[in-house]
Amino acid sequence: MEKPVVILGSINYDIVATVERLPLKGETVNSYGFDVFTGGKGANQAVQVALLGMRSVFIGQVGGDVQGENVLAGIREKGVDASLAGVLSGERTGCALITVAPDGSNTLAHAAGANHRLARGLVDSAAARIREAEVFITQTEINMDALLYGVTLARDAGVKTLLNPAPAIPLPEELFAMLDYIAPNEVESGIYTKIPRQGKPAEAWRRENAEWFLKRNVKNVCITLGQEGAYFNNGREEYYIPAFPITAVDTTAAGDSFIGGFVFGIARGWPVEKCMIFASACGAVSAGTRGAQNSIGNYDTISAFLKERGAAGF
Ligand code: RIB
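Residues numbered from 1 in each chain as written. Predicted model: local features only at pLDDT ≥ 70, side-chain atom pairs only at ≥ 80, totals over all residues. Heavy atoms only, no water.

Undergrad: Can you help me understand the site of the ligand in this one?
TA: Among the 13 residues in the neighbourhood of the ligand, the closest are listed as Asn-12, Asp-14, Gly-40, Glu-141 and Asp-256. Lys-41 is positioned with one of its side-chain polar atoms (N or O) 3.0 Å from an oxygen atom of the ligand. For the ligand, whose unbound accessible area comes to 280 Å², protein coverage reaches 96%. Because more than half of its atoms lie within 2 Å of the grid, the ligand is assigned to the largest pocket. (Near = heavy atom within 4 Å. Polar contact = N/O pair within 3.5 Å; in protein donor to acceptor, adjacent residues only side chain to side chain. Areas by Shrake-Rupley, 256 points an atom, 1.4 Å probe, with all protein chains shown as cover. 1 Å grid on protein atoms, 1.4 Å probe; cavity = no way out; pocket = protein on both sides within 12 Å on 5 of 7 lines; lining within 4 Å. Sits in = over half its atoms within 2 Å of the grid points.)

Undergrad: Would you explain the packing of helix H10 (residues 272-287) against helix H11 (residues 299-308) in this entry?
TA: For any two helices packed against each other, the geometry comes down to the angle between their axes and how far apart the axes lie. Where H10 meets H11, the closest approach of the two axes is 9 Å, and the angle between their N-to-C directions is 105 degrees. One way to sum up the angle between H10 and H11 is to call them roughly perpendicular. Across from Ile-277, Phe-278, Ala-281, Cys-282, Ala-284 and Val-285 in H10, the residues of H11 making contact are Tyr-299, Thr-301, Ile-302, Phe-305 and Leu-306. For the contact of H10 with H11, the per-class residue count stands at 10 nonpolar, 1 polar and no charged. (Axes fitted to C-alpha atoms, helices over the stretch in contact; angles between N-to-C directions. Helix = DSSP H or I, 4+ residues; strand = E, 2+ residues; numbered from the N terminus. Parallel < 35°, antiparallel > 145°, perpendicular 65-115°, else oblique. Contact = heavy atoms within 4.5 Å. Nonpolar A, V, L, I, M, F, W, Y, C, P; charged D, E, K, R; others polar.)

Undergrad: What is the right way to look at the nonpolar core in this model?
TA: Counting 53 residues, the largest nonpolar core has Phe-58, Ile-75 and Phe-262 as the members making the most contacts within it. For this core, the leading source of residues is H10, giving 9 residues. In this structure, Ile-75 is in contact with Ile-11, Ala-43, Val-47, Phe-58, Val-80, Ala-82 and Gln-293, ignoring residues within four places of it in sequence. If you look at the next biggest cluster of nonpolar residues, it comprises 42 residues, including Phe-136, Met-144, Leu-163 and Val-221. (Core = buried A, V, L, I, M, F, W, Y, C linked by side-chain atoms within 4.5 Å. Buried < 20%, exposed > 50% of the residue type's maximum accessible area, 1.4 Å probe, protein only.)

Undergrad: Got a minute to help me understand the environment of Pro-242 in this structure?
TA: Note that Pro-242 resides in the loop between strand S14 (238-241) and helix H9 (254-268). In contact with Pro-242, other than residues within four places in its own chain, are Glu-228, Gly-229 and Ser-280.

Undergrad: Looking at this structure, how should I read helix H1 (residues 41-51)?
TA: Two residues of an α-helix separated by three or four positions point the same way, owing to the 3.6 residues in each turn. Of all 11 residues making up H1, 11 are buried, and the element is well covered by its neighbours. Among all positions in H1, only Lys-41, Gly-42, Ala-43, Asn-44, Gln-45, Ala-46, Val-47, Gln-48, Val-49, Ala-50 and Leu-51 are buried. Phi turns positive one or two residues past the end of H1, at Gly-53, with a value near 95 degrees.

Undergrad: Just checking my understanding: could you explain the packing of aromatic side chains for this structure?
TA: According to the stated counting rule, one finds 15 aromatic pairs in the structure shown. Where Tyr-192 meets Phe-213, the ring centres are 6.4 Å apart and the plane angle is 70 degrees; that geometry is what we call edge-to-face. Of the two residues, Tyr-192 sits in helix H7 (residues 186-193) while Phe-213 sits in helix H8 (residues 202-215), which places them 21 residues apart along the sequence. Phe-213 sits in the buried class, given a relative accessible area of 0%. On the basis of an interplanar angle of 85 degrees and a centroid distance of 5.2 Å, the ring pair of Trp-270 and Phe-278 is categorised as edge-to-face. Taking the relative accessible area as the measure of exposure, Trp-270 reaches 17% and is therefore buried. What links up through ring pairs into an aromatic cluster is the set Phe-264, Trp-270, Phe-278, Tyr-299 and Phe-314. (Phe/Tyr/Trp six-rings, centres within 6.5 Å; stacked < 30°, edge-to-face > 60°.)

Undergrad: Would you mind going over the pattern of salt bridges with me for this structure?
TA: Taken as a whole, this structure holds 16 salt bridges when the rule is applied. Among the salt bridges present, the one from Glu-91 reaches Arg-117, with a minimum N-O distance of 3.3 Å. Taken together, the residues Glu-91 in the loop between strand S6 (86-88) and strand S7 (94-100) and Arg-117 in the loop between strand S8 (106-111) and helix H3 (120-125) connect sequence positions 26 residues apart. When the shortest N-O distance is used, the salt bridge between Asp-156 and Arg-155 registers 2.9 Å. In this structure Arg-155 comes out as partly exposed when scored by relative accessible area, which is 38%. (Salt bridge = Lys/Arg side-chain N within 4 Å of Asp/Glu carboxyl O.)

Undergrad: Honestly, the sheet that holds strand S12 (residues 220-224) in this entry has me stumped. Any pointers?
TA: One key point about sheets: their strands pair by backbone hydrogen bonds, in either a parallel or an antiparallel sense. Spatial ordering of the open sheet is given by S4-S1-S9-S10-S11-S12-S13-S14, a layout of 8 strands whose pairing is mixed. Sheet topology places strand S4 (56-59) and S14 at the edges, where each strand pairs with a single neighbour. Lying on the sheet, H1 is in contact with strand S1 (5-8), S4, strand S9 (135-139) and strand S10 (160-164); it crosses S4 at an angle near 170 degrees. Docked against the sheet, helix H5 (residues 144-156) engages S1, S9 and S10, running at close to 165 degrees with respect to S9. (Pairing = 2+ DSSP bridges.)

Given below as C-alpha cells:
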C-alpha cells in the first residue's frame, strides 16, 4: 500500500470579504459581500494532496463548536483521512479573517483558537502514521512545541520533513537541521533572513536567502515568489521557474496548493524541477477561483491545465 503524506497543521474556517481595495490601517472600505470557506494552511495542503489521489492524513485540532464539525466534514469530503484530528471542547475552532481585492491579493488575520493548543498526546496518538509516512508536512499556524515534537518523530523515523514557515514566527535554531525542505514565500523568507532587497538583483537576493537556510543545515530550500514563480536551491542544484500567466481571482490557498503539489511530486520521486512546475500549476489553478479548499484542483484539473499550457512530461 502506498505510504501516506502526513500533515500536522492548522484547520480554520475562513470569513472572506471581497473589497474594492485592501484597507489601509484605520480605514474602512466597502465590501461587495462575504463568504465562509473551509481553510487553514494545514488542512488546505492536506486537501491538495488528497485531491491529487495520494493518501493524505491530517493531524490537527478543532474547537468544540459547529464550525469545527463543518471544517472536519469539509476535509473528509475531499478525501482527507481526518480520523486522528482532535476536538477540544471549550475552545474555538481557528478562524481566518480575509479581505480579497479585485486583483486577487489579500490580507489575512488568523485567530488560532484550538490550532494553538495541540497537546503532545494528540501528536503521540498519530505517531504510528507519522513513522510510516513518505513525507511529513507542517506549518507555523500551530503551537511550536507540537510542531517540534512532530518534526522530531518524523525525522527520527527517517521520514522526509517539509516546513512551510507561514506565518513567519521565530523558529528554534535546532529545528532547521531537522528539515529536508523549507518552503517559505518570499515575504516570509525576507523576515527570517533579514537580507535587504534594495539595490540587489532578484536572483542574488533569492540565492542569498537560500544560502541563509542552507547554512543552518536545512537540506533543500524552495521559495515561492507569487506571480514571479518559484526558486529552489540545495547547494548542488538551483532552479528558477516562472509562474504560469493567469488572471488571479483570489490567491488564498494558492501557496498551500503549491506545497501540496510539490510534496506530491517529491513523494512520487520526481526530479525537483518537475515537482516545481507541477506545484506551480496547482497554485495557479487555486488562484483562479475564490476561497481556499473549494479552489483546489484535482489531478485531472491540474493535468488539463498543464496540457493546455504546453508543459510536457506530465
Ligand atoms: O494559506 C491560506 C490559509 O491561511 C487560509 O485558508 C486561512 O485559513 C489561513 O490559515
